[in-house]
Amino acid sequence: MSQNLSLYIVTLLKIFYRWFLRLALVIYRCLMLLAKILPNRKCSQKNGLNILVTGTFYSNHWLSTHLRPMANAKSCQRLVMVSATAVPEMNKVSGVYAPKWLQRVVGQVGARLLYFCWLAIVQRPDVLVGFHLLLNGLFVALLAKLIGAKSVYICGGGPREVVGGGIRTENRIFSRLDKADYFIEAQLLKSVNEMDLVVSMGTSAIEYFKSQGVNTKFEIVPGGFDEQIFSPKVEQDKEYDLILIGRLSEVKRVDRFLHAIQLAKKTLPNLNAVVVGDGPDRKKLEDLAIYLGVADDVNFVGWQNDVHFWLQKSRCFVLTSDSEGLSQALIQAMMTGVPAITSDVGDLGDLVKDGQNGYLIKNLSSTSFASAFVSILTSKNKLVEFSINAHKNTNKFSIISVERQWNNINISSLMTNRAVAK
């Protein structure tokens with residue numbers, strides 16, 4: 001009887017939580033509509049744009065690959081990044097942080113968002129930028145309307161940032177939904193449609209948004225990488241057969257990677273791998289490696305800012321994810337001349353050409369990945385050919401190329417006479 005009561009209470013709490021999120025988004029939509037009818041006035045064009053940015057970044061390198069090209073665009077006068085972690089030194093980029101007392105009161109994320117709001121209202125920047133929709137993009141869309149700025153949402157996670165109401169994201173609010181919620185999804189799509197510009201890493205997110213009736217301006221802009229750092233080192237000895245780089249969370253399916261290694265070792269007994277990254281599932285994955293008997297063959301090295309060092313020591317890059325945008329780690333690997341074996345999801349097919357510079361795995365099983373491991377690692381000629389092909393056509397991911405893209409975007413859609421709230 002008590003067990004049934006507990007289940008009943010849990011069910012009620014889940015229903016209450018879902019309706020609470022629905023109500024919160026309805027209120028958000030009302031505020032958005034109110035902000036759109038506020039009186040505005042025009043201001044004259046300035047010499048350059050002041051840009052205010054916020055987002056969550058899990059490594060300095062990931063942060064700089066996006067901010068540096070944006071800040072170096074000719075139309076950017078100054079870029080301020082509101083962050084919870086230290087922002088590395090970059091040209092025209094300033095890192096600012098919420099006061100410690102505010103972090104103690106509302107937590108690190110809450111403090112960052114509140115401080116972002118405060119700076120937006122006080123400083124009145126020309127452009128507000130949010131990395132990921134939940135919750136950064138939502139704040140950006142509303143604030144931009146209130147202060148007369150342009151809003152830019154950078155979609156790094158692909159369609160899963162919206163699909164099902166964000167249930168498949170790592171956002172601690174929306175991922176707690178007990179099931180997909182299409183009312184919430186619809187409200188999130190309306191919010192995306194309010195953006196002045198949506199920047200995606202690849203094609204899948206744009207195709208999804210357009211199919212759902214979102215008709216704002218879209219651009220595909222990957223991160224910009226230093227080709228002097230991410231370059232092939234043919235003469236370097238390869239210490240690892242396989243490398244996986246990413247946040248160790250459920251969507252990355254590193255468990256599938258470990259099972260595939262166990263299977264492939266039946267043919268390749270000396271197969272080894274390195275996992276670069278950290279996250280909530282690290283301990284569970286290390287325990288799984290022990291259980292599968294591959295712990296001595298898989299080196300978990302945690303987050304590393306010098307990922308190029310690990311790539312240059314590896315023969316083949318692997319992603320076993322259930323969902324992806326255009327992986328930054330994949331771009332880095334291919335610029336370094338490391339062929340890839342990845343899930344055929346999201347935007348990974350924009351870069352991986354099956355049988356030319358790697359393998360796209362359609363059947364997302366450990367057996368399929370294991371077969372691909374064996375295929376590429378038992379053929380030296382194939383490994384060399386794929387490596388050469390991986391490095392080809394990666395110039396578009398250099399810092400200079402991405403700066404050029406941001407120049408075009410700023411000129412065409414952001415650097416205009418803008419309306420500012422009275």
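See above for the structure.
Residues numbered from 1 in each chain as written. Predicted model: local features only at pLDDT ≥ 70, side-chain atom pairs only at ≥ 80, totals over all residues. Heavy atoms only, no water.

Draft legend 1. Highlighting unusual backbone geometry. Following Leu134, the chain continues to Leu135 via a peptide bond in cis, the omega torsion being -5 degrees. Within the secondary structure, Leu135 sits in helix 4 (residues 133-147). For Arg124, which is not a glycine, the phi torsion comes out positive at approximately 50 degrees. Tracing the backbone through its elements, the reader meets Arg124 in the loop between helix 3 (100-123) and strand 5 (127-131). Of note, the phi angle at His132 is positive, near 75 degrees, even though the residue is not glycine. Turning to its location among the elements, His132 is positioned in the loop between strand 5 and helix 4. (Helix = DSSP H or I, 4+ residues; strand = E, 2+ residues; numbered from the N terminus.)

Draft legend 2. Representation of the environment of Gly137 within the structure. Looking at the element boundaries, Gly137 is found in helix 4. The spatial distance from the C-alpha of Gly137 to the C-alpha of Asp306 is 29 Å, given a sequence separation of 169 residues. If sequence neighbours within four positions are ignored, Gly137 has contacts with His132 and Met195. (Contact = heavy atoms within 4.5 Å.)

Draft legend 3. Inspection of the state of the cysteines at higher detail. What the rule picks out here adds up to 0 disulfides. Free cysteine: Cys30, not disulfide-bonded; nearest cysteine sulfur from Cys117 at 18 Å. Residue Cys30 is classed as partly exposed on the basis of its relative accessible area of 47%. (Disulfide = S-S within 2.5 Å. Buried < 20%, exposed > 50% of the residue type's maximum accessible area, 1.4 Å probe, protein only.)

Draft legend 4. Up close: the nonpolar core. Ranked by internal contacts, the top residues of the largest apolar core, which has 56 residues, are Ile51, Leu67, Leu79, Val129, Ile154, Phe317 and Trp406. The residues touching Leu79, leaving out its near neighbours within four places in the chain, are Ile51, Val53, Leu67, Met70, Ala71, Lys92, Val93 and Ser94. Counting residues in each nonpolar core, the second largest holds 34 residues, with Ile261, Ala289, Val318 and Ile361 among its members. (Core = buried A, V, L, I, M, F, W, Y, C linked by side-chain atoms within 4.5 Å.)

Draft legend 5. Looking closely at the sheet that holds strand 6 (residues 150-155). Pairing is parallel in the open sheet, where 7 strands are placed in the order 4-3-2-5-6-7-8. The outermost strands of the open sheet, each flanked by one partner alone, are strand 4 (93-96) and strand 8 (217-220). On average, each strand axis in the sheet is inclined to that of its neighbour by 20 degrees, with strand direction left out of account. Sheet analysis places strand 7 (residues 197-200) next to strand 8, joined by 4 bridges and oriented parallel. Across the sheet, residue Ser200 finds its bridge partner in strand 8, namely Ile220. Of the strands in this sheet, strand 6, strand 7 and strand 8 touch helix 6 (residues 203-211), which is tilted by about 165 degrees from strand 8. (Pairing = 2+ DSSP bridges. Axes fitted to C-alpha atoms, helices over the stretch in contact; angles between N-to-C directions.)

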